[in-house]
Amino acid sequence: MIVQIKKGGAVMKILIISGSPRKGETHKAAQFVDEKLKKIGGFEVDWLILKDLNIKPCIGCFACLNKGENKCPMKDDRDIIVDKMKQADGLIIAVPNYSLQVPALTKNLLDRLAYIFHRPSMQGKIFMGLVTQGVYGGGNILKYLNEAMRFWGFSISKGVSVTVVPGFRLPQVQKKIEAALEKAAGRFAKALKEKKVTVPSLKEVAIFRLARTGMKNMDKTSVDRQYYESKGWFTSKYYYDVRLGPFKSLVGWLMDRFAQHMADKSKRELEAYQHKNVTESKVL
Ligand SMILES: Cc1cc2nc3c(=O)[nH]c(=O)nc-3n(C[C@H](O)[C@H](O)[C@H](O)COP(=O)(O)O)c2cc1C
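Everything numeric in this text was worked out from a predicted model, so none of it was measured. (Residues numbered from 1 in each chain as written. Predicted model: local features only at pLDDT ≥ 70, side-chain atom pairs only at ≥ 80, totals over all residues.)

Once that is clear, we can look at the environment of Glu69. With respect to the helices and strands, Glu69 occurs in the loop between helix 2 (63–66) and helix 3 (78–87). Glu69 gets classed as buried once you count the C-beta atoms within 10 Å, which come to 20. Separated by ten residues in the primary sequence, Glu69 and Asp79 have C-alpha atoms spaced 9.8 Å apart. The contacts of Glu69, once residues within four sequence positions are left out, are Cys64 and Tyr115. (Helix = DSSP H or I, 4+ residues; strand = E, 2+ residues; numbered from the N terminus. Buried ≥ 20, exposed ≤ 12 C-beta atoms within 10 Å, placed from the backbone. Contact = placed C-beta atoms within 7 Å.)

Below you can see the structure in the form of structure tokens.
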């Protein structure tokens, strides 16, 4: 019997984004994880195959960052992905290691969603990375994905990188790959069921405080500032509810003070520059 895990009366939703340009080893590995999650029970797994979606290249116009995500000039499937992420409790991004990084297809998606780094919206959700590789470098890709997803607001379940040489595989090698994937699926399921929230590192607390105080000093029309204000982040400890120890709280306070000092300093410097220019133009 499959035991359904209820969360507010609903089965938990997982989204798998398959970020390879082909339905190959990464897709197979992700399918294996999907099967394991279904076997554990209580999850509804949805898929997005990135190569089958229309995601145009980011042209670096800054519109999403500075004016708002709805100002992106690219009209394509971007929001289908974002909506599915928002509906999900957990996200898996499955990628192959291409030249020590995620493939261009996936990197482009992250660039197109760069506004979420500025205005994180994935708090309360759990992320896991899945990497397949030929030889070396998967660990760094997992670190990269984890760091990016932390900026988006996700809590992290330790991901998995498997070495899958194409072609014939000895049964013991295949068994080892499957064991690693099964373990990762188990960790992810547990993190979801226990709603495990990642406690921010000292660096993350410091970055949040520097960013929020910087934004507090921005023009009132700034979309980032308005977003932070609407979330109550100018007075919160972090951008989601979490207990910080005394040391992190102290460092956070110091970062707020430092960022305010820097903002005041640049304001004074700008005023002095403007005053000097006005005086000089009067003399001329
Ligand atoms: C363009 C390209 C670059 C690759 N670069 C690396 C690499 O830097 N390190 C590595 O270990 N494997 C590398 N590989 C091997 C793939 O990561 C590996 O075969 C992966 O499982 C392929 O997944 P896929 O079938 O989803 O494409 C590369 C493969 C391709 C096609």
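Let us now look at the confidence of the model for the protein chain. On average, residues of the protein chain score 94 in pLDDT, and 96% of them are at 70 or above. The model gives residues 1–7 a pLDDT under 50, and that stretch makes twelve contacts with residues more than four places away or in other chains. (pLDDT = per-residue confidence, 0-100.)

Our focus in this paragraph is the environment of Leu100. Structurally, the position occupied by Leu100 is in the loop between strand 4 (90–96) and helix 4 (104–112). For Leu100, a count of 12 C-beta atoms within 10 Å corresponds to the exposed category. Residues Leu100 and Asn140, 40 residues apart in the sequence, show an inter-C-alpha distance of 7.8 Å.

Between helix 8 (residues 202–216) and helix 10 (residues 246–283), whose axes approach to 8 Å, the crossing angle comes to 35 degrees. Where helix 8 crosses over helix 10, the two elements pack in a sense that is right-handed. Of the residues in helix 10, those in contact with Leu202, Val205, Ala206, Arg209, Leu210, Thr213 and Gly214 of helix 8 are Lys248, Val251, Gly252, Met255, Asp256, Ala259, Gln260 and Ala263. Partitioning the contact of helix 8 with helix 10 into residue classes produces eight nonpolar, four polar and three charged. (Axes fitted to C-alpha atoms, helices over the stretch in contact; angles between N-to-C directions. Left-handed = near helix turned anticlockwise from the far one by under 90°. Nonpolar A, V, L, I, M, F, W, Y, C, P; charged D, E, K, R; others polar.)

This part takes up the packing of helix 1 (residues 25–40) against helix 7 (residues 171–193). Their axes nearest at 9 Å, the elements helix 1 and helix 7 cross at an angle of 50 degrees. The angle between the axes of helix 1 and helix 7 places the two elements in the oblique class. For the pair helix 1 and helix 7, the sense of crossing is right-handed. Of the residues in helix 7, those touching helix 1 at Ala29, Phe32, Val33, Lys36, Leu37 and Ile40 are Glu178, Leu181, Glu182, Ala184, Ala185 and Ala189. Of the residues belonging to the contact of helix 1 with helix 7, the class tally is nine nonpolar, no polar and three charged. (Parallel < 35°, antiparallel > 145°, perpendicular 65-115°, else oblique.)

On to the pairing of strand 4, then. Counting buried positions over the seven residues of strand 4 gives seven, a clear majority of the element. Of the two faces of strand 4, both are covered, the one formed by Gly90, Ile92, Ala94 and Pro96 as well as the one formed by Leu91, Ile93 and Val95. Here strand 4 runs beside strand 5 (residues 126–133); their pairing, made up of seven bridges, is parallel. If you follow Ile93 over to strand 5, its bridge partner there is Gly129. (Pairing = 2+ DSSP bridges.)

With that out of the way, let us pick up the site of the ligand. Lining the immediate surroundings of the ligand are 18 residues, of which Ser20, Gly24, Thr26, Pro96 and Gly134 lie closest. Breaking the shell around the ligand down by element, the ones donating at least two residues are helix 1 and strand 5. Residue composition of the shell around the ligand, grouped by class: seven nonpolar, nine polar and two charged. (Near = placed C-beta within 6 Å.)

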